[in-house]
Amino acid sequence: MIRLNNNFNKLQAGYLFIEIARRVSDHAAANPGHKLIKLGIGDVTRPLPPAIIKAFHEGVDDQADAAGFRGYGPEQGYAFLREAIAEADFVSRGCSISADDIFVSDGAKCDTGNFQELFAGDISIAVPDPVYPVYVDTNVMAGRTGEAKDGRYDGLIYLEGTENNGFVPSPADLPEDGADLVYLCFPNNPTGTTATRDQLGEWVEWALAQRSLILFDAAYEAFVTDPELPRSIYEIPGAEKCAVEFRSFSKTAGFTGTRCAYTIVPGAIEIDGVKLRDMWNRRHSTKFNGVSYPVQKAAAAVYSVEGKKETRELINYYLGNAKIIREAMNEVSYQTWGGVNSPYVWVKTGEDSWDTFDKLLKGADVVVTPGSGFGRMGEGFIRISAFNDRENVQEAIGRIVKAMG
Ligand SMILES: *Cc1c(COP(=O)(O)O)cnc(C)c1O
């Protein structure tokens with residue numbers, strides 16, 4: 001008799017963005033004619049840059065031509081893309097990462113969600129709070145947690161982000177028994193905070209000493225403009241022995257609808273005498289058949305001279321929005337985090353997150369994200385996203401200031 005994976009029943013109802021969508025559609029139905037501005041879900045709004053579109057078209061044309069046609073490609077990604085990534089993102093920054101360590105995929109969401117498959121069912125896992133929900137929910141589905149109580153799952157370790165640690169937890173925040181696996185994300189979604197070299201260094205030192213593993217989500221690395229801040233965990237010596245890094249073209253180059261990402265599993269990581277890279281390779285090539293050829297051509301163009309310039313302009317555009325949001329919030333005396341080296345501004349409102357959400361939706365026709373949706377520690381905060389057009393951001397900020405001020 002067929003039976004279900006009951007771990008799914010443990011998942012908390014009302015996934016954050018479903019609840020937001022419900023309240024937004026109720027509001028829109030009750031207020032036809034209002035212009036709603038969304039600074040909520042983290043999706044980009046600007047079109048793909050011209051150099052990338054050109055390469056995308058060329059990739060499509062190759063498929064129309066018998067000589068250029070490609071069928072199944074390598075599951076790990078074409079060498080032209082893996083080599084461009086290795087050189088531009090890692091070798092040029094002094095990281096000991098090669099094309100062999102890079103696995104191209106259709107999303108960092110799937111990769112961060114799938115990677116836990118490689119580990120034993122009873123390892124101890126630490127996640128930040130507030131957190132990108134994918135890390136938590138995929139471990140719940142895999143049966144690594146107990147039931148949820150008051151928004152937290154039994155069996156998970158929560159690394160609390162607070163005003164005191166500036167939303168950058170350290171190994172000192174772990175319980176005495178430590179953790180076998182730690183998820184980190186910098187620049188952070190949702191708080192917009194970044195980790196310094198020293199802060200990441202503490203994590204790497206800890207992981208090497210404990211023989212633990214770090215899963216490092218660097219989806220927003222392109223927003224780092226401060227040269228003192230690391231863009232990759234591999235800028236920390238030793239990280240190539242204890243950290244897997246996830247990256248994506250989604251926020252970097254506007255690929256949220258085009259789909260291309262990559263995961264770095266350094267050949268130097270060995271667990272129980274097995275190279276983790278070989279194991280991920282086995283998993284990836286068994287369950288995945290590669291990203292489409294035109295999309296990989298488009299992604300490779302991100303590293304061309306034109307592509308670099310155009311994606312930099314794209315990032316700067318969003319960073320300009322983030323600055324406007326952050327400064328306006330500070331002006332009306334709200335404390336903020338992020339918004340520099342990050343597209344997200346984390347605002348302390350000091351009242352129930354959903355109350356602020358409703359106030360801004362009803363009073364300003366602006367959608368933000370309630371901080372409590374990312375975990376207990378997000379209560380009293382909202383996340384404002386810089387992913388929108390400049391005029392919309394300016395208009396929304398004017399309305400928010402009026403509604404909150
Ligand atoms: C947007 C985002 C990703 C990227 O996901 P894709 O599947 O590559 O689009 C990964 N991690 C975080 C924290 C994100 O916010």
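Being a predicted model, the structure only gives us computed values, none of them experimental. (Residues numbered from 1 in each chain as written. Predicted model: local features only at pLDDT ≥ 70, side-chain atom pairs only at ≥ 80, totals over all residues. Heavy atoms only, no water.)

The helix and strand inventory of the chain stands at 12 helices and 17 strands. Counting only residues that meet the buried cut, the chain has 55% of its 405 residues in that class. Across the chain, the fraction of contacts at a sequence separation of at least 24, relative to all contacts at a separation of at least 6, is 75%. Within the structure as shown, the chain displays about 17,500 Å² of accessible surface, and the carbon and sulfur contribution to it stands at 50%. (Helix = DSSP H or I, 4+ residues; strand = E, 2+ residues; numbered from the N terminus. Buried < 20%, exposed > 50% of the residue type's maximum accessible area, 1.4 Å probe, protein only. Contact = heavy atoms within 4.5 Å. Areas by Shrake-Rupley, 256 points an atom, 1.4 Å probe, with all protein chains shown as cover.)

Before going further, it helps to examine the site of the ligand. Around the ligand, the structure places 14 residues, and the nearest of them are Asp-217, Tyr-220, Ser-248, Ser-250 and Lys-251. In the model, an oxygen atom of the ligand is placed 2.7 Å from a nitrogen or oxygen of the Ala-108 main chain. Between the ligand and the protein, one listed contact pairs a nitrogen atom with a side-chain N or O atom of Asp-217 at 2.7 Å. In isolation the ligand offers 390 Å² of accessible surface; the protein chains occlude 93% of this area. For the shell around the ligand, the secondary structure elements donating two or more residues are α4 (108–114) and α7 (249–253). Each residue belonging to the shell around the ligand can be placed in one class, and the counts come to six nonpolar, four polar and four charged. (Near = heavy atom within 4 Å. Polar contact = N/O pair within 3.5 Å; in protein donor to acceptor, adjacent residues only side chain to side chain. Nonpolar A, V, L, I, M, F, W, Y, C, P; charged D, E, K, R; others polar.)

As a further point, take the sheet that holds strand β13 (residues 335–338). The strand order across the open sheet formed by four strands is β13-β14-β17-β16, and the pairing between neighbours is antiparallel. If you trace the sheet from one side to the other, it starts and ends with β13 and β16 (369–370), each paired once. One ladder, built from four bridges, connects β13 with strand β14 (residues 344–348); its direction is antiparallel. Note on β14: the bridge partner recorded for Trp-337 is Trp-346. (Pairing = 2+ DSSP bridges.)

Using the criterion set out here, one finds 26 aromatic pairs in the structure. When the centroid spacing of 6.1 Å and the interplanar angle of 80° are considered together, the rings of Phe-249 and Tyr-303 count as edge-to-face. Placement of the pair is Phe-249 in helix α7 and Tyr-303 in the loop between α9 (293–300) and α10 (305–331), with a sequence separation of 54 residues. Tyr-303 gets classed as buried once you look at its relative accessible area, which sits at 14%. Taken together, the ring pairs in this structure connect Tyr-220, Phe-223, Tyr-317, Tyr-318, Tyr-344 and Phe-387 into an aromatic cluster. (Phe/Tyr/Trp six-rings, centres within 6.5 Å; stacked < 30°, edge-to-face > 60°.)

With that settled, the discussion passes to the nonpolar core. Counting 51 residues, the largest nonpolar core has Leu-81, Ile-85, Ile-233, Tyr-234, Phe-249, Phe-255 and Cys-260 as its most contacted members. Broken down by element, the residue count for this core peaks at five residues, all from helix α6 (residues 197–210). Core analysis: the second largest hydrophobic core is formed by 34 residues, Ile-37, Phe-167, Ala-328 and Phe-374 among them. (Core = buried A, V, L, I, M, F, W, Y, C linked by side-chain atoms within 4.5 Å.)

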